[in-house]
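Here is how the chains run, residue by residue.
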Amino acid sequence: MNSFVIVLTLAFVGQMVHCWDQGLRDYILNIHNDMRKRPKACEMHKMEYDMDLERQAKSWAQRCVFKHEMKKGRGENLAFNTNKLDDKKLLDIATDDWYNEIKDFRYGQNSCFMSCHYTQLVWSTTNKVGCYAHQCPNLVGGARDAFYLVCFYTPMGNWMGEQPYKTTCPAPCLKGQKNEGGLCVGEAVKECKDTNASCGNWAASGECQKNPKYMKSKCQKSCNSCP
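As a starting point, this report considers the structure included with it.

About the thresholds
Residues numbered from 1 in each chain as written. Predicted model: local features only at pLDDT ≥ 70, side-chain atom pairs only at ≥ 80, totals over all residues. Heavy atoms only, no water. Pairing = 2+ DSSP bridges. Helix = DSSP H or I, 4+ residues; strand = E, 2+ residues; numbered from the N terminus. Contact = heavy atoms within 4.5 Å. Axes fitted to C-alpha atoms, helices over the stretch in contact; angles between N-to-C directions. Phe/Tyr/Trp six-rings, centres within 6.5 Å; stacked < 30°, edge-to-face > 60°. Buried < 20%, exposed > 50% of the residue type's maximum accessible area, 1.4 Å probe, protein only. Salt bridge = Lys/Arg side-chain N within 4 Å of Asp/Glu carboxyl O.

## Details of the sheet that holds strand β2 (residues 75-81)
Thinking step 1. With mixed pairing, the four strands of this open sheet are ordered in space as β1-β3-β4-β2. One side of each edge strand has no neighbouring strand; the edge strands of this open sheet are β1 (48-49) and β2.
Thinking step 2. Across ten bridges, the pairing between strand β3 (residues 128-138) and strand β4 (residues 144-154) is antiparallel. If you follow Val129 over to β4, its bridge partner there is Tyr153.
Thinking step 3. Strand contacts of helix α3 (residues 87-99): β2 and β4, with the helix running at about 55° to β4, the strand carrying the most contacts.

See the structure below:
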């Protein structure tokens, strides 16, 4: 039975964030959605900014500890930088470093391996992001006087055995969604189906009872758990 991995982003990304405001929220959201348009993918959800995820990211960033909280069900990307640059430039550097892990990505591999930051950015079913940046006098596990960026995501990506996005689909977006410049917007009409080719085998071996939460999310048809 496959399990999941938490997104790990360690990037050397600094200057004081004078105010994490709506302008920076819009800026980093636009970066995410622009990057999500780059793969030749279908059924790629457009991300929305989530204030609850931002509150969680703020709480974690203000601890000034460069490690992952590892909260179940949530993806996490982290970065820090000690350069004295404009806030937006620092966000550019961090997200570019995450995306540039595409060089280590091979479509079809069973885990994100060395490209987990990239794959979380472009994980097609992830549709919410919330971020916060904090200036840390001493970032434990990082550096002194560091700009510390934390981004949290839901639904989380980087599930073992799954690809971050599809390259072929019956249509660019799911039924009920509309295509906005290559990204899918709106609620999809939920279909009762399996999303992993191994669902039948897992169900036959009793995984519907052993691991009901995962199986209900990925193998509704095989587990007869359709709403």
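## Examining the packing of aromatic side chains
Thinking step 1. Enumeration over the complete set of coordinates arrives at ten aromatic pairs.
Thinking step 2. When the centroid spacing of 6.0 Å and the interplanar angle of 55° are considered together, the rings of Trp20 and Tyr132 count as tilted. Separated by 112 residues along the polypeptide, Trp20 in the segment before α1 (22-36) and Tyr132 in strand β3 bring together distant segments of the chain. With respect to burial, Trp20 and Tyr132 carry one shared label: buried.
Thinking step 3. For the ring pair Phe105 and Tyr107, a centre distance of 6.3 Å and an interplane angle of 85° mean the geometry is edge-to-face.
Thinking step 4. Residue class for Phe105 comes out buried when judged on its relative accessible area of 9%.
Thinking step 5. Judged by its relative accessible area of 40%, Tyr107 is partly exposed.
Thinking step 6. Members of the aromatic cluster, joined through ring pairs, are Tyr99, Phe105, Tyr107, Tyr118 and Tyr165.

## Overview of the pattern of salt bridges
Thinking step 1. All chains considered together, the criterion is met by ten salt bridges.
Thinking step 2. Put simply, Glu162 and Lys218 hold a salt bridge, and the shortest N to O gap is 3.6 Å. Highlighted residues: Glu162 in the loop between β4 and β5 (178-180) and Lys218 in helix α7 (residues 212-218), separated in sequence by 56 residues.
Thinking step 3. Residue classification places Lys218 among the buried positions, given a relative accessible area of 14%.

## Considerations on the pairing of β2
Thinking step 1. Burial within β2 is extensive, with seven of its seven residues counted as buried.
Thinking step 2. Every second residue of β2 is oriented toward a common face, with Gly75, Asn77, Ala79 and Asn81 on one face and Glu76, Leu78 and Phe80 on the other, all of them buried.
Thinking step 3. Inspection of the sheet shows β2 paired to β4 by seven bridges, in the antiparallel sense. Among the inter-strand pairings, Asn77 is bridged to a residue of β4, identified as Cys151.

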